[in-house]
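Residue-level listing of the chains:
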Amino acid sequence: MRCVYCSQRAGLIRRVCTPCAKVVAIVDRAGGEVGLAGLVDIFVEEGLTREQVDVVLDAQVGAEPTIRDRLTSSMTNFLMRNLGMPGRQSPEDVRKVRTAMQSGGGAGTWVGGEEPPEHH
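Reading guide: rules and limits
- Residues numbered from 1 in each chain as written.
- Predicted model: local features only at pLDDT ≥ 70, side-chain atom pairs only at ≥ 80, totals over all residues.
- Heavy atoms only, no water.
- pLDDT = per-residue confidence, 0-100.
- Helix = DSSP H or I, 4+ residues; strand = E, 2+ residues; numbered from the N terminus.
- Patch = residues over 30% accessible without salt bridge, like charges linked within 9 Å, V, L, I, M, F, W, Y side chains within 5 Å.
- Areas by Shrake-Rupley, 256 points an atom, 1.4 Å probe, with all protein chains shown as cover.
- Salt bridge = Lys/Arg side-chain N within 4 Å of Asp/Glu carboxyl O.
- Buried < 20%, exposed > 50% of the residue type's maximum accessible area, 1.4 Å probe, protein only.
- Arc of directions from axis to C-beta.
- Contact = heavy atoms within 4.5 Å.
- Polar contact = N/O pair within 3.5 Å; in protein donor to acceptor, adjacent residues only side chain to side chain.

### Concerning the confidence of the model for the protein chain
And step 1. Here the protein chain averages 85 in pLDDT, and 85% of its residues register 70 or above.
And step 2. Helix 3 (residues 50-58) holds the highest mean pLDDT among the elements of the protein chain, 95, whereas helix 5 (residues 91-103) holds the lowest, 84.

### Regarding a nonpolar patch on the surface
And step 1. Together, Leu-79, Leu-83 and Met-85 give the surface a local cluster of nonpolar side chains, amounting to about 300 Å² of exposed area.
And step 2. Among the structural elements, Met-85 can be located in the loop between helix 4 (67-82) and helix 5.

### Some words on helix 2 (residues 36-45)
And step 1. Within helix 2 the residues assigned to the buried category are Leu-39, Ile-42 and Phe-43. Taken around the axis of helix 2, the buried residues stretch over an arc of 100°, which confines them to a single face. Counted as exposed and oriented over 90 degrees from the buried face of helix 2: Ala-37, Val-44 and Glu-45.
And step 2. Residues of helix 2 that are buried in the fold lie against helix 1 (18-30), helix 3 and helix 4.
And step 3. Gly-47 lies just past helix 2 and shows a positive phi near 80°.

### Some points on helix 3
Counting along an α-helix, one turn takes 3.6 residues, and residues three or four places apart therefore face a common direction.
And step 1. Those residues of helix 3 not exposed but buried are Val-53, Val-56 and Leu-57. Projection of helix 3 onto a plane perpendicular to its axis shows the buried side chains occupying an angular sector of 95°, all on one side.
And step 2. Buried positions along helix 3 lie against helix 1, helix 2 and helix 4.

### With respect to the side chain of Asn-77
And step 1. Looking at the secondary structure, you find Asn-77 in helix 4.
And step 2. Classification of Asn-77 as buried rests on a relative accessible area of 10%.
And step 3. Within the structure, the side chain of Asn-77 is placed 2.8 Å from the backbone nitrogen of Gln-89, a separation counted as a polar contact.

### A few points about the environment of Glu-46
And step 1. Mapping Glu-46 onto the fold places it in the loop between helix 2 and helix 3.
And step 2. Overall, the relative accessible area of 36% leaves Glu-46 in the partly exposed class.
And step 3. A C-alpha to C-alpha distance of 8.0 Å links Glu-46 and Lys-22, two positions 24 residues apart in sequence.
And step 4. When near neighbours in sequence (up to four residues on either side) are disregarded, Glu-46 contacts Lys-22 and Ile-26.

What follows is the structure, given as structure tokens:
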């Protein structure tokens with residue numbers, strides 16, 4: 001069977017290979033507790049490369065938000081709550097913003113090098 005994150009061989013009945021399973025376990029265990037720098041340190045301690053981590057964080061599994069979307073949502077909400085604001089950014093909201101930015105079609109976006117719209 002192929003890994004759902006990286007498409008490498010995962011095993012006979014496993015859906016996730018060992019390196020990708022490590023990344024998922026680290027994010028599940030520490031993702032909401034440490035910042036990005038702390039996560040990077042944990043990934044390095046586990047012997048994971050940036051490429052291995054990025055593949056898992058950016059993998060689109062079904063219609064669900066990516067793990068990076070979940071992390072961004074969690075960190076944004078944490079920051080907002082510590083600033084005294086309600087943290088209401090869902091992983092789905094992050095995915096919508098990310099896909100709008102990638103397509104260049106989101107409200108309030110313009111392509112680099114262009115002048116912003118007149119109302120800005």
